[in-house]
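The lines below spell out each chain.
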Amino acid sequence: GVVGEVTNKEPVIIPVENTTTGFKDVDDAKWAEKAINSLVEKGVVSGYPDNTFRPYENITREQIVKIICVALGVESDKNYEEKFADADYGEWYAPYINAAYKNGISMGREDKTFGIGEGVTRQDLLVMLYRITKDKKDIEEKEFNDKDDIADYAKDAVMYFASQGIVSGYEDKTFRPMNICTRAEAVMIIYNYLGGVE
């Protein structure tokens with residue numbers, strides 16, 4: 001994909017022009033500023049050419065897979081098996097979703113789709129990270145008011161990362177597993193995962 005290419009589809013976020021920090025819109029997300037700056041400096045995520053980071057824009061499933069691969073040093077893989085029916089293997093995300101499949105990070109869905117262009121839910125981001133986590137510690141059961149809303153396949157991942165302090169719930173003691181991750185939220189989780197927990 002061409003960087004900054006404008007189509008009538010959801011914008012593809014692979015900006016490479018702006019790897020400086022000091023974005024003009026990060027004041028709106030002070031809680032994530034340190035995490036954003038850290039991951040931008042590491043080259044894991046970047047801002048837009050207009051010096052914005054757009055912290056509250058939703059992040060898609062293919063975008064988060066690229067971020068996870070880059071952050072955790074998972075090699076992108078161009079030996080495509082073309083496992084996903086909804087993926088265009090000529091697009092920028094192809095080597096990352098392929099690597100994610102081969103490394104067990106994201107296996108796609110029962111209907112053989114990946115969910116290209118769809119927002120990644122909080123629980124699904126944690127499941128992806130949980131699958132690549134070696135040497136897991138004990139899981140401590142955390143109490144969330146909406147615990148029953150967490151999918152069975154995601155319960156261990158959510159409880160593990162909540163007990164490690166890598167992710168937290170909201171002030172009303174909910175976890176909101178089906179909420180779509182924003183760019184700031186996803187960056188915060190990855191930052192904490194990499195050891196930047198305050």
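Scroll up to find the structure.
Residues numbered from 1 in each chain as written. Predicted model: local features only at pLDDT ≥ 70, side-chain atom pairs only at ≥ 80, totals over all residues. Heavy atoms only, no water.

Within the element layout of this structure, E185 appears in helix α6 (residues 183–196). On the accessibility criterion, E185 (13% relative accessible area) is buried. Excluding residues that lie within four positions of it along the chain, E185 makes contacts with W31, R122, Y170 and I180. (Helix = DSSP H or I, 4+ residues; strand = E, 2+ residues; numbered from the N terminus. Buried < 20%, exposed > 50% of the residue type's maximum accessible area, 1.4 Å probe, protein only. Contact = heavy atoms within 4.5 Å.)

A word on the packing of helix α1 (residues 33–41) against α6. Relative to each other, α1 and α6 sit at 75°, their axes nearing to 9 Å. Regarding the angle of α1 to α6, the classification is roughly perpendicular. Residues K34, A35, I36, S38 and L39 of α1 touch α6, and the partners they reach there are A184, V187, M188, I190, Y191 and L194. (Axes fitted to C-alpha atoms, helices over the stretch in contact; angles between N-to-C directions. Parallel < 35°, antiparallel > 145°, perpendicular 65-115°, else oblique.)

What the rule picks out here adds up to 14 salt bridges. The shortest N-O distance in the salt bridge between E33 and K30 comes to 3.1 Å. Take K30: its relative accessible area is 52%, and that puts it in the exposed class. A single salt-bridge network, built from bridges that share partners, covers D77, E81, K83 and K102. (Salt bridge = Lys/Arg side-chain N within 4 Å of Asp/Glu carboxyl O.)

Here the focus is helix α5 (residues 155–163). The buried count for α5 comes to seven of nine residues, which makes it a mostly enclosed element. Those residues of α5 lying buried are A157, V158, M159, Y160, F161, A162 and S163. Where α5 is buried, its residues touch α4 (122–132) and α6. A positive backbone phi angle near 75° is found at G165, which sits one or two residues after α5.

All right, on to the packing of aromatic side chains then. Tallied over the full model, the rule gives 10 aromatic pairs. Members of the aromatic cluster, joined through ring pairs, are Y130, Y160, F161 and Y193. Positioned over the ring face of F175 is R122, at 4.2 Å from the centre of the ring. For R176, the ring lying beneath its charged end belongs to Y170, and the centroid distance is 3.8 Å. (Phe/Tyr/Trp six-rings, centres within 6.5 Å; stacked < 30°, edge-to-face > 60°. Lys NZ or Arg CZ within 6 Å of the ring centre and 35° of its normal.)

As a further point, take the packing of helix α2 (residues 61–72) against α6. In helix packing, the relevant descriptors are the interaxial angle and the interaxial distance, both defined with respect to the helix axes. With their axes 11 Å apart at the nearest point, α2 and α6 run at an angle of 25° to one another. As summarised for this structure, α2 and α6 are arranged roughly parallel, according to the angle between their axes. Viewed along their axes, α2 and α6 form a crossing whose handedness is right-handed. Contacts from I64, I67, I68, A71 and L72 in α2 reach A186, I190, Y193 and L194 in α6. (Left-handed = near helix turned anticlockwise from the far one by under 90°.)

The quantities given are spatial measurements derived from coordinates; they are silent on function.
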